[in-house]
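Working through the structure, step by step
Letter by letter, the chains look like this.
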Amino acid sequence: MRSCPVPVWSCLRAEMFPRLLSDVVCPLRRHLSSSCRRGSSTALVSNVSPLPSQAHVVICGGGIVGSSVAYHLSKLGWNDVVLLEQGRLAAGTTRLCGGIVSTVKHISIETKMADYSNKLYQHLAQETGVQTGYIQTGSISLAHTQDRLISLRRLVSRLQVMGIPCDIISPKQVAQLHPLVNIHDLVGAMHVPGDAVISPPDVVQALVTAAVHNGVQIYEGTSVSHVMVDKGHVTGIETDRGHIECEYFVNCAGQWAYELGLMSEEPVTVPLHPCEHFYLVTRPLKQGLRPDTPVIVDLDGRIYVRNWQGGVLSGGFEKNPKPIFTEGRNQLEFQSMLEDWDHYEPLLSALLRRMPTLESTEILQLVNCPESFTADMRCIMGESAAVRNYFVLAGMNSSGSSFAGGAGKYLAEWMVHGYPSVNVWPLDIKRFGVLQSSRTFLRHRVMEVMPLMYELKVPRWDFQTGRQLRTSPLYDRLDAQGARWMEKHGFERVKHFVPPGKDLLELDQSKTFYKPDWFDIVGAEVKCCKEAVCVIDMSSFTKFELSSSGGQALEILQHLCSNDLDVPVGHIVHTGMLNERGGYQNDCSVVRLNKRSFFIISPTDQQVHCWSWLKLHMPKDSQLQLEDVTWKYTALNLIGPRAMDVLSELSYVPMTPDHFPSLFCKEMSVGYANGIRVMSMTHTGEPGFMLYIPIEYALHVYNEIMNVGQKYGIRNAGYYALRSLRIEKFFAFWGQDLDTFSTPLECGREFRVKFDKVLNHGTDFIGREALLQQRQEGVCRRFTMFILDDHDTDLDLWPWWGEPIYRNSHYVGMTTSSAYSYTLARHVCLGFVHQYDEDTGAKLVVTPDFINRGDYEIEIAGQRFRAKAKLYPFSSLFTQRRRKDEMELSSFQGK
């Protein structure tokens, strides 16, 4: 592949490049000078007329994302909307992006967004009269290795049941579909015929054409300098052209969203960071490619290739990305971003290996296009926890064309209805806290994120940058004992402990979809939890204290929680905080410390989400005091039948069930330390205690427990053992199994809902009416446990999560959690089972009888395994198994 001589390059830059790349860098003004095609006499865009003094919604950012939000708000009837763009519409990243629309995503919500975007772009031209450059080309994802092929097979299983046609194809079929691909080192590929390409600026033009027709006002050349906030709510914005009062503000500023978030009276954290992203464009080939030639994604080569007017456009995600604008820069600067052929060389070499015939093709230009990436490779969506009615949609991780349509739809629903139509928690901005807002953290993290875009991601992989940000006081002590770490919400948590003599490096580098190398290690930890005693550091749990001078604390919790919190002091209540639809906004354990004070324990990643939910419903002028005490307490989970012996010896207090009943909390002394909150629960269903220890006593208490516990066979354990224990006991976790659309009635938790407490206390809890209606009509899905029957743990691929569930050969749901049960010596999967009308597709009521009468299979990477469905915890199974063993032993002894 060769470039033009230097004199010709000058011509290309001045004239030929804009013409040959018209789909990307076409001058959008040729569209914007005309009026709406639907008969409106109002110009689409204004940069001379004065701004309105007020609007219901102001959107900042005129790229494909902001335009999509404006379009969908107008479709939902919100027409008093102003969209502001500091430069020209679609003149930022949208102008330069590659325009690939792909549904091949590893998270279901991202696939749903991309699928909706694809369908939207397909009919936009018909709706608006503006051609969008939409061509359904299909895509082919290549596999060099068997592990990559397994990953693609897992994707195919999930995409197919989501209604997206796709299949695994052979290398020969790849060659038939794309004439340039070298297939000699391929083991297979995934073909998605419905994927497409677009011209992003033209899509923006179509979206704004429809939006303006519906009443949206658009202003170019207008920069937002400040977002005004009063009493925690958006009240207006300041721009370089004047002030606008507004009730809602939407930050769609792309790579500038971080800086814009800080331009508020109460700063809003938007954890993203831009990187340089390179792609090259060639002249048309001698035998030009057809417009519908499939997009090639060579994941192991780190490149993508699409047809571009008979030539190719090829970019990728290199191993050594270049973060930019860490100090914050002006948008105009990326107009002069330079080529870097030395940096692009590995991707160019990968392109020539995959398509050798391109070697003599002439290159038009290497494009340097800034893209923003987030701290966890997922886009950022939703309402800020810091400011009410301040919404964010940004951080597309180089998938703006794929996500913009669907993301704009869901954000618009969120704003208009108060919630989107699907679960978007994996993308919710409240999954982040201020701890992820450090520029240094973001710069280092995106240098890892960008290469990971095409990296093979096996189950249970972890980020390596930005680590040791939040640690327990026991971190060094546990690390010295062989702890292997993972990260959750910035907090280091132990996966498992490597015994002395094991090869740590070999274990850390073990990556597989099959039986992992830590299998026996975790098995030993589980065995100790069941037969002796283990200690697990669970300090990452979110912990709040809610108190009041009177009865307000109880009153607000009775309103927020479905269970009854009016219990005696010291009692622990497992409860959900529900939304108006009856779905779990939060799943927590609440301890009544005294008449006016409560201790709330929630999942680790609920810290911001739960805090904002509580603050939202607290009266502004009340005597309530809410404090985040997560950092104040180290939490140790002491699990196993000998846990009571260890604590009794350390506290000189009897810990038997007669003296310390289940779900009870006492403040005790442990060793020399006072004020330890000891709770008779373990989050696993096993006997034991949770100890919430003031951090200054943590090391002392841990050492005392380990010293005394030696005689009882104590050992350390990690979250992998905890996961196995809780899944075999049918315990659902928020964020994995439960979300804002899951109700207690759907997951067998009706016993944690006290419908009659409204009569006792005069306080109606949120979601009560929805649950009453659901109880009357019946649930349309049920949380179910599956025990794999014919699965070989040693030889077969493992289920991890997200596997399709089949009942009588019909798809009925997805697994949400999975783990190996060392007790049953089988894999256990959890998931929701649906029932659909075969003719209309409507959801039908799912009864226990429907669950029990079906024949089930779990599909793992295209292979189905028989499974038994259960609606009750494993404790019942254990009892039945023990009785069977006892009967068999008695029968044997009788013989």
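Numbers given for residues are sequential positions, taken from 1 along each chain in its written order. In keeping with the model being predicted, local features are shown solely for residues with a pLDDT of at least 70 and side-chain atom pairs are shown and tallied solely at 80 or more, while totals for entire chains, interfaces and linings include all residues. Excluding hydrogens and water, the side-chain values take into account all heavy atoms of the structure.

We now examine the overall build of the protein. If you tally the helices and strands in the protein, you get 25 helices and 38 strands. Buried, partly exposed and exposed residues are distinguished by accessible area as a fraction of the type maximum, computed with a 1.4 Å probe on protein chains only: under 20%, between the cut-offs, and over 50%, respectively. The burial tally for the protein puts 61% of its 895 residues in the buried class. Contact between two residues is taken to exist if any of their heavy atoms lie within 4.5 Å; hydrogens are not considered. Restricting the contact set of the protein to residue pairs at least 6 apart, pairs at least 24 apart contribute 72%. Computed with the Shrake-Rupley method and a 1.4 Å probe, the accessible areas treat only the protein chains shown as cover for residues. Here the protein has roughly 35,200 Å² of accessible surface; of this, 49% comes from carbon and sulfur atoms. Each helix is a run of H or I in the DSSP string that is no shorter than four residues. Each strand is a run of E no shorter than two, and both are numbered from the N terminus.

Moving on to the sheet that holds strand S23 (residues 542-547). Each pair of strands is called paired provided DSSP finds at least two bridges between the two strands. With antiparallel pairing, five strands are arranged side by side in an open sheet as S24-S25-S26-S23-S27. What marks the edges here is a single partner per strand, and that holds for strand S24 (572-578) and strand S27 (625-628). Geometrically, the sheet is characterised by an average inter-axis angle of 30 degrees between neighbouring strands, direction not taken into account. Across four bridges, S23 lies against S27 in antiparallel orientation. Paired with Phe544 across the two strands is Asp628, which belongs to S27. Simply put, an axis is a line fit to the C-alpha atoms, just over the touching stretch for a helix, and the angle between two N-to-C directions goes from 0 to 180 degrees.

With mixed pairing, six strands are arranged side by side in an open sheet as S29-S30-S31-S28-S22-S32. Edge positions in the open sheet fall to strand S29 (665-670) and strand S32 (715-716), since each of these has one partner strand only.

This paragraph deals with the nonpolar core. Among the nonpolar cores identified, the biggest contains 53 residues, and Ile59, Tyr121 and Met381 are the most heavily contacted of them. Contributing elements (two or more residues each) for this core: strand S2 (54-60), helix H4 (64-75), strand S3 (81-84), helix H6 (108-128), helix H9 (200-213), strand S12 (242-251), strand S19 (390-394) and helix H12 (400-417). Look past the residues within four positions of Ile59 in its chain and what remains in contact with it is Gly66, Val69, Ala70, Leu73, Val81, Val82, Leu83, Leu84, Val250 and Cys252. Note on terminology: a nonpolar core comprises buried Ala, Val, Leu, Ile, Met, Phe, Trp, Tyr and Cys residues joined through side-chain atoms within 4.5 Å.

Here the phi dihedral of Arg302 falls at roughly 70 degrees; this positive angle occurs in a residue that is not glycine. With respect to the helices, strands and loops of the structure, Arg302 is situated in the loop between strand S14 (295-298) and strand S15 (303-308). The exposure class of Arg302 is buried, given its relative accessible area of 11%.

So, on to the pairing of strand S35 (residues 810-821). S35 sits mainly inside the fold: 10 of its 12 residues count as buried. Pairing of strand S34 (residues 804-807) with S35 involves four bridges; the strand directions are antiparallel. In the strand pairing of S35, Ile805 is matched with Gly813. Connecting the antiparallel pair S34 and S35 is a turn made up of two residues, with Asn808 showing a positive phi of about 50 degrees.

This paragraph deals with the packing of H4 against H6. Following both chains from N to C, one finds H4 and H6 inclined at 75 degrees, their axes separated by 14 Å at the closest point. Classed by the angle they form, the pair H4 and H6 counts as roughly perpendicular. Within the contact between the two elements, H4 uses Ile64, Tyr71, His72 and Lys75 and H6 uses Tyr116, Leu120, Tyr121, His123, Leu124 and Glu127. In terms of residue class, the contact of H4 with H6 is built from six nonpolar, two polar and two charged. Roughly parallel means an angle under 35 degrees; roughly antiparallel, over 145; roughly perpendicular, 65 to 115; everything else is oblique. Ten residues, namely Ala, Val, Leu, Ile, Met, Phe, Trp, Tyr, Cys and Pro, are considered nonpolar, four, namely Asp, Glu, Lys and Arg, are considered charged, and the remaining ones, Gly among them, are considered polar.

Right, let's talk about the packing of aromatic side chains for a bit. Between rings of Phe, Tyr and Trp, where Trp is taken as its six-membered ring, a pair exists when centres lie within 6.5 Å; planes separated by under 30 degrees are stacked, by over 60 edge-to-face, and by other angles tilted. Considering all chains together, one arrives at 30 aromatic pairs under this definition. Between Phe391 and Trp414, the ring centres sit 6.3 Å apart and the planes meet at 75 degrees, which makes this aromatic pair edge-to-face. Taken together, the residues span a long stretch of sequence, with Phe391 in strand S19 and Trp414 in helix H12 at a distance of 23 residues. An identical accessibility class is assigned to Phe391 and Trp414; each is buried. Between Tyr820 and Tyr822, the ring centres sit 5.0 Å apart and the planes meet at 80 degrees, which makes this aromatic pair edge-to-face. Should the NZ of a Lys or the CZ of an Arg lie within 6 Å of a ring centre and within 35 degrees of the ring normal, that charge is described as sitting over the ring. Here the guanidinium or amino end of Arg726 rests over the ring plane of Phe733, the centre of that ring lying 4.4 Å away. Taking the ring centre of Phe850 as reference, the NZ or CZ of Arg807 above it sits at 3.7 Å.

Residue position: Leu578 is located in strand S24. Between the C-alpha atom of Leu578 and that of Phe765, which follows or precedes it by 187 residues, the distance is 8.2 Å. For Leu578, the contacting residues outside a window of four places in its chain are Leu560, Ser562, Gly583, Tyr584, Gln585, Trp613, Pro744, Phe765, Ile766 and Leu771.

With that out of the way, let us pick up the pairing of strand S21 (residues 491-497). Taking burial as the measure, the seven residues of S21 include seven buried ones, the bulk of the element. Hairpin geometry of strand S20 (residues 483-488) and S21 is characterised by an intervening segment of two residues between the two adjacent antiparallel strands and by a positive phi of about 55 degrees at His489.

Next up on the list: the state of the cysteines. Any cysteine sulfur atom paired with another within 2.5 Å is treated as part of a disulfide. Taken as a whole and judged by the stated rule, the model has zero disulfides. In this structure Cys528 is not part of a disulfide, and its nearest cysteine sulfur, from Cys534, lies 3.4 Å away. Overall, the relative accessible area of 10% leaves Cys528 in the buried class.

A few words now on the pattern of salt bridges. The term salt bridge refers to a pairing of a side-chain nitrogen on Lys or Arg with a carboxyl oxygen on Asp or Glu at a separation within 4 Å. Enumeration over the complete set of coordinates arrives at 42 salt bridges. One salt bridge connects Glu803 with Arg154, and the closest N-O pair in it is separated by 3.1 Å. Here the residue Glu803 occupies a position in the loop between strand S33 (781-788) and S34, and Arg154 occupies one in helix H7 (residues 146-161), the gap between them amounting to 649 residues. Note on accessibility: Glu803 and Arg154 belong to one class, buried. Residues Glu686 and Lys530 are paired through a salt bridge, measuring 2.8 Å at the closest nitrogen-oxygen approach. Note that Glu686 is positioned in the loop between strand S30 (673-679) and strand S31 (688-694) and Lys530 in helix H16 (residues 519-531), a separation of 156 residues in sequence.

Another aspect to go through is the confidence of the model for the protein. Averaged over every residue, the pLDDT of the protein is 89; the share at 70 or more is 89%. Note on scores: pLDDT gives the predictor's confidence for each residue, bounded by 0 and 100. Of the regions scoring below 50 in pLDDT, residues 2-42 engages in 88 contacts with residues more than four places distant in sequence or in other chains.

It is worth spelling out the side chain of Asp737 at this point. You can see Asp737 is positioned in the loop between helix H21 (719-728) and helix H22 (757-761). Using a relative accessible area of 2% as the deciding quantity, one classes Asp737 as buried. Within polar-contact distance, the side chain of Asp737 engages the side chain of Arg726 at 2.7 Å. When neighbours within four sequence positions are excluded, Asp737 is seen to be in contact with Arg726, Phe731, Ala732, Ser742, Phe783, Thr816, Ser817, Leu830 and Phe832. In protein, a polar contact means a hydrogen-donor-capable atom and an acceptor-capable atom, both N or O and within 3.5 Å, with residues adjacent in sequence counting only if both atoms are side-chain atoms; elsewhere, any N or O pair within 3.5 Å suffices.

This brings us to the packing of H6 against H12. Orientation of H6 relative to H12, taken along the N-to-C sense of each, is 95 degrees, at an axis distance of 7 Å. Looking at the two axes, H6 sits roughly perpendicular to H12. For the pair formed by H6 and H12, the contact residues are Ile109, Glu110, Lys112, Met113, Ala114, Tyr116, Ser117, Leu120 and Tyr121 on the first element and Gly400, Ser401, Ser402, Phe403, Ala404, Gly405, Gly406, Ala407, Lys409 and Tyr410 on the second.

Turning our attention to the environment of Gly261. With respect to the helices, strands and loops of the structure, Gly261 is situated in helix H10 (residues 257-262). In sequence terms Gly261 and Val227 are 34 residues apart; their C-alpha atoms lie 8.6 Å from each other. Leave out the neighbours within four places in its chain, and Gly261 touches Asn251, Pro267, Val268 and Tyr390.

This paragraph deals with the side chain of Thr137. Relative to the helices and strands, Thr137 is located in the loop between H6 and strand S5 (139-143). Using a relative accessible area of 7% as the deciding quantity, one classes Thr137 as buried.

Turning our eyes to something else, we now look at the environment of Leu83. You can see Leu83 is positioned in strand S3. Its relative accessible area of 1% is what places Leu83 among the buried residues. As for Leu83 and Ser67, which are separated by 16 residues in sequence, their C-alpha atoms are 7.8 Å apart. If near-sequence neighbours (up to four positions away) are discounted, Leu83 is found in contact with Ile59, Gly61, Gly62, Gly66, Ser67, Ala70, Leu89, Gln217, Ile218 and Tyr219.

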